[in-house]
Amino acid sequence: MAAPETTFTGNRGLQLEEPLIFDQGRPGRSGVDLPAAAPAGDRLGGLERQGAIGLPGLSEPQTVRHYLRLGQKNYGIDSGFFPLGSCTMKHNPRQGEKLARLSGLASLHPLQPQSTAQGALELIDSCAHWLKVLTGMPAIVMSPAAGAHGELVGLMTIRSALEARGDARRRVLVPESAHGTNPASAHACGYAVESVAANGRGRIDMDVLKEKLDSDVAAIMLTNPNTCGLFETDIIDIAAAVHDAGAFFYCDGANFNAIVGRVRPGDLGIDCMHLNLHKTFSTPHGGGGPGSGPVALAESLAPFAPLPYVARGADGFLLVEHEGQGGGKRLGRVKGFHGQFGMFVRALAYMMSMGSDGLRQVAEDAVLNANYLLAGLKDSLSPPFEGPCMHEVLFDDRFLAGTGVTTLDFAKAMIDEGFHPMTIYFPLVVHGAMLMEPTETESKETLDQFIDALKGLAERARKGDADYFRGAPRLTPRRRLDETLAARQPVLRWRPAGDKAVE
Ligand SMILES: Cc1ncc(COP(=O)(O)O)c(C=O)c1O
């Protein structure tokens, strides 16, 4: 394509296709004055390049505008309501971002002497302390890099504990209502995964569970609240049955937002539970930023937790990297350095600014908001289960029956209404699932607009306007992708100036 010398700016630029940065500007133009390169001599063994390397030639304002325009075409939690179920897309407080960027924290080097990083070690220790208080569990592994990583680390810890008592078990039970990463983690840890059916109330069927529990089961992995947005009301009985079988009770605690400050999982008999700091403690998923999945452990699993960990010694804080004499039970390192330090800063800032009353209110408001959506939409959409929900509300596609509109079409039409769609086709326990998680940070006005928009769409579908849905979205920079296999075209990849674009 001929390189346009300039690009459209202002509002008009937002409506038009944004050319690749390589198709903008002029060769040789630059936003900075670079000093002339010193002759390489023979330092590069004749490998130095003489010609242009195909960098785009733009001034600084042209570059800034290009990226700003691209950013404005995107949709994020800062641009609007983002009810993606199972992701807890809550507002990300700027305070945490500001603190994580303080140079005394951001510029630390993980290999600098511990005596010069006492503040950072104390911060990790404080974050760990408050997470233990909130979960009611005596130990916590801070290093896992995300929720799924926490699951793997938790299961590895369970396996070590079982091996230490000479008990090689092969199966992990995973309820149908579990998050999808649970069976994947159990499989990655070498276990055979066995599904446990849900009952008509969207919870674990206790009879099925009891039938499956035997001396070959290493653990159950229960997501609570589960992916139907429901609290497992039999959780105390589940814990007792699992322990009677000599197995461990793993809880996927990524949905902790629904119960933080109100329920301490340790009191429910849970042995091992990961938290998604990037869901409950701000910094939500979706931006591709780092996650953090600390794993809280019961007394029985604590001696097997991975190294290193932060401890308070006589001379200050220290990172314990080796076991003392008579040790040898602990797992080794599961992550480079000390985990996602910047996430600990944000999570601690969040906990301290909220306080215990504020955290409790987080859970209460998150649950209230989800139930507000349920109440507003239950007559227009179809909730599969009776009764109130926790922090997320699930609908199936029965309300679309006979309309020719699918869950996917409905979600695409929501984009034109100005909303990011909810999670669709997950969980698998209901047909054409629509899982919405409003979080506590959305206002009543936003929820009302959302309810009105969805009611309007449901009405439109019922009136038989299926083509409208199939053609959506219409108001976005990109229209709907044709995801059928037949539509797949060879992908053109960019090559430096002079070369032809190749497949
Ligand atoms: C319930 C639940 N479990 C596990 C995970 C996996 O977490 P991650 O994406 O950080 O690996 C998620 C992700 O959002 C989740 O919602």
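Structure: see above.
Residues numbered from 1 in each chain as written. Predicted model: local features only at pLDDT ≥ 70, side-chain atom pairs only at ≥ 80, totals over all residues. Heavy atoms only, no water.

### Quick look at the side chain of S292
Thinking step 1. Along the chain, the position of S292 falls in the loop between α10 (277–280) and β7 (295–297).
Thinking step 2. In contact with S292, not counting residues within four places along its chain, are M142, P144, A145, A146, L275, N276, L277, H278, Q340, M343 and F344. (Helix = DSSP H or I, 4+ residues; strand = E, 2+ residues; numbered from the N terminus. Contact = heavy atoms within 4.5 Å.)

### Section: the pattern of salt bridges
Should the charged atoms of two oppositely charged side chains come close, the side chains can pair.
Thinking step 1. Per the counting criterion, the structure on display carries 24 salt bridges.
Thinking step 2. The residue D167 makes a salt bridge to R169 at a minimum N-O spacing of 2.9 Å. As far as the burial class goes, D167 and R169 line up, both buried.
Thinking step 3. Residue R170 pairs with D216 through a salt bridge whose shortest N-O separation is 3.3 Å. Of this pair, R170 sits in the loop between α6 (147–164) and β2 (171–175) while D216 sits in the loop between α8 (206–212) and β4 (217–223), placing them 46 residues apart in sequence.
Thinking step 4. By relative accessible area, R170 is classed as exposed at 58%. (Salt bridge = Lys/Arg side-chain N within 4 Å of Asp/Glu carboxyl O. Buried < 20%, exposed > 50% of the residue type's maximum accessible area, 1.4 Å probe, protein only.)

### Focus: the site of the ligand
Thinking step 1. The environment of the ligand is made up of 16 residues, and the closest members are G147, A148, D252, H278 and K279.
Thinking step 2. Interatomic distance of 2.5 Å between a side-chain N/O atom of D252 and a nitrogen atom of the ligand.
Thinking step 3. Taking N276, its side chain carries an N or O atom lying 3.1 Å from an oxygen atom of the ligand.
Thinking step 4. Look at the ligand: alone it shows 390 Å² of surface, and the protein chains cover 89% of it. (Near = heavy atom within 4 Å. Polar contact = N/O pair within 3.5 Å; in protein donor to acceptor, adjacent residues only side chain to side chain. Areas by Shrake-Rupley, 256 points an atom, 1.4 Å probe, with all protein chains shown as cover.)

### A closer look at the sheet that holds β2
Thinking step 1. Read from one edge of the open sheet, seven strands run β1-β7-β6-β5-β4-β2-β3, paired in mixed fashion. Across the chains shown, the open sheet's two edge strands, defined by having one partner strand only, are β1 (139–141) and β3 (192–196). Strand-to-strand twist of the sheet, defined as the mean angle between neighbouring strand axes without regard to direction, takes the value 25°.
Thinking step 2. As defined by bridge partners, β2 adjoins β4 across three bridges and the pair is classed as parallel. Bridging across to β4, L173 finds its partner in I220.
Thinking step 3. Helix α5 (residues 118–135) contacts β1, β6 (272–274) and β7 of the sheet and is inclined by roughly 125° relative to β1. (Pairing = 2+ DSSP bridges. Axes fitted to C-alpha atoms, helices over the stretch in contact; angles between N-to-C directions.)

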